[in-house]
Amino acid sequence: MKTIQGRKILITGAAMGMGRLYAERAVREGAAVVILWDINQEELERTVLALKDSGVRLMPYLVDIGSLDAIVAASARVRADVGDPDIIINNAGIVRGKYFWEHSQADTRLTMEINALAPMYITREFLPAMMASRRECRVVTIASAAATVSNPRMSVYCASKWAAVGWSDSLRLELVQAGHSHVKVTTVCPSYVSTGMFEGARGPLMTPVMKPDYVVDRVWRAMLAGKPMLMLPWTVTLGKIARGILPLRAWDWVADHVFGVYHTMDRFKGR
């Protein structure tokens, strides 16, 4: 896919942060329709107001993606209003930076619903039409570097992102195996990004907190190319390799005392 010009793109968490940047990029590159899903009505209205003079058709929907019923209803509205999207960017996510026993049951459930289940539910709604279209389609899921290493104060978040990676990359293989290689899946595993979501967290050794514009540009190019996996920055790949090679106790020592991975959330505040 060389361009998204003339395509319909659905972005979750589109009202602010990186979701809004994806929406701006889609508008700038001439998408036919930009479908914006978010739970924050005020921010969603601001984003639409900022982009409304672009000439691109904007379709905002107030959607609680923590609810399967809400996803099903919103998907039906999208199909009725504009038809099925050609591109899905599963961007929305939440984090609770606590020890596991400090999470309420509601926090744990919500984190899993939004970070792990919602991308599956949303993609399942639109995937059959993508498969039947025979034109180049894309599914992008924003997971996390937390899906590659264990980390204190991120146990539930890590669980949700490990699930997202396992599902997304398996879906990629299933589509190829079933003869639907025109639908390409990209799984994204970034380290910390300075959107405010991880305010107070610090990057491990040689892993700076990344600027949102940089990450969006890299994800966009990977999406167009149909790149299966994108890890940002390069130290995420290094950490994954080291964890696979070293005995667990040795890796724990390196991650803790050399890279500082196990203390990145010590001063987490969040948005």
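To be clear, the structure that these remarks concern was listed above.
All values derive from a computational prediction rather than experimental measurement. (Residues numbered from 1 in each chain as written. Predicted model: local features only at pLDDT ≥ 70, side-chain atom pairs only at ≥ 80, totals over all residues. Heavy atoms only, no water.)

### Section: the overall build of the chain
Worth spelling out the cut-off: Strands here mean DSSP runs of E at least two residues long; helices mean DSSP runs of H or I at least four residues long; both are numbered from the N terminus. As a reference, a globule follows 2.2 Å times the number of residues to the power 0.38, and the radius of gyration itself is taken over C-alpha atoms. Partly exposed describes any residue whose relative accessible area lies between the buried limit of under 20% and the exposed limit of over 50%, with all areas from a 1.4 Å probe on protein chains only and scaled to the type maximum. Note on contacts: a residue pair qualifies if any of its non-hydrogen atoms lie within 4.5 Å across the two residues.
From N to C terminus, the chain includes 8 helices and 7 strands. Here the C-alpha radius of gyration of the chain, 18 Å, is about what a compact globule of 271 residues would show, namely 18 Å. Each principal axis of the C-alpha atoms in the chain carries an extent, and together these give about 55 × 40 × 30 Å. Split into buried and exposed, the 271 residues of the chain put 52% on the buried side. Taking the contacts inside the chain whose residues are at least 6 apart along the sequence as the reference set, 72% of them involve residues at least 24 apart.

### Some points on a nonpolar patch on the surface
Rules: Residues enter patches when they are more than 30% accessible in relative terms and free of salt bridges; like-charged ones are connected within 9 Å and nonpolar ones (Val, Leu, Ile, Met, Phe, Trp, Tyr) within 5 Å. Exposure was quantified through the Shrake-Rupley algorithm and a 1.4 Å probe, taking into account, for residues, occlusion by the shown protein chains and nothing else. Note on definitions: salt bridges are taken to be side-chain nitrogens of Lys or Arg within 4 Å of carboxyl oxygens of Asp or Glu.
Judged by side-chain polarity, L205, M206, W234, L238, W253 and V258 come together as a nonpolar surface patch covering roughly 620 Å² of accessible area. Of all elements in the fold, only α7 (234–245) and α8 (248–258) reach the threshold of two or more residues within the nonpolar patch. Within the secondary structure, L238 is located in helix α7. On the basis of relative accessible area, L238 is assigned to the partly exposed category, the value being 32%.

### A short note on the pattern of salt bridges
Pairing of side chains with opposite charge becomes possible as their charged atoms draw close. Under the defined criterion, the tally for this structure stands at 16 salt bridges. The closest approach of N and O atoms between D217 and R25, which form a salt bridge, is 3.2 Å. Of this pair, D217 sits in helix α6 (residues 212–225) while R25 sits in helix α1 (residues 17–28), placing them 192 residues apart in sequence. Residue classification places D217 among the partly exposed positions, given a relative accessible area of 26%. Between D217 and R221 there is a salt bridge, with the nearest N and O atoms lying 3.2 Å from each other. Taken together, the residues D217 and R221, both in helix α6 and 4 residues apart, mark about one turn of the helix. A residue is classified by how much of its surface remains accessible, and R221, at 48% relative accessible area, is partly exposed.

### Considerations on α1
Put simply, the rule reads: What a helix should span is 1.5 Å times the count of its residues minus one.
Taking 1.5 Å per residue as the helical rise, α1 with its 12 residues ought to reach 16 Å, and the 17 Å between its terminal C-alpha atoms agrees with that figure. Listing the buried residues of α1 in full gives M18, G19, L21, Y22, A23, R25, A26 and V27. Two residues or fewer after α1 comes G30, characterised by a positive phi angle close to 85°.

### Comments concerning the side chain of T141
Its location among the elements puts T141 in strand β5 (residues 137–142). Given the relative accessible area of 1%, T141 is considered buried. Look past the residues within four positions of T141 in its chain and what remains in contact with it is N90, P119, A164, W167, S168, T186, T187 and V188.

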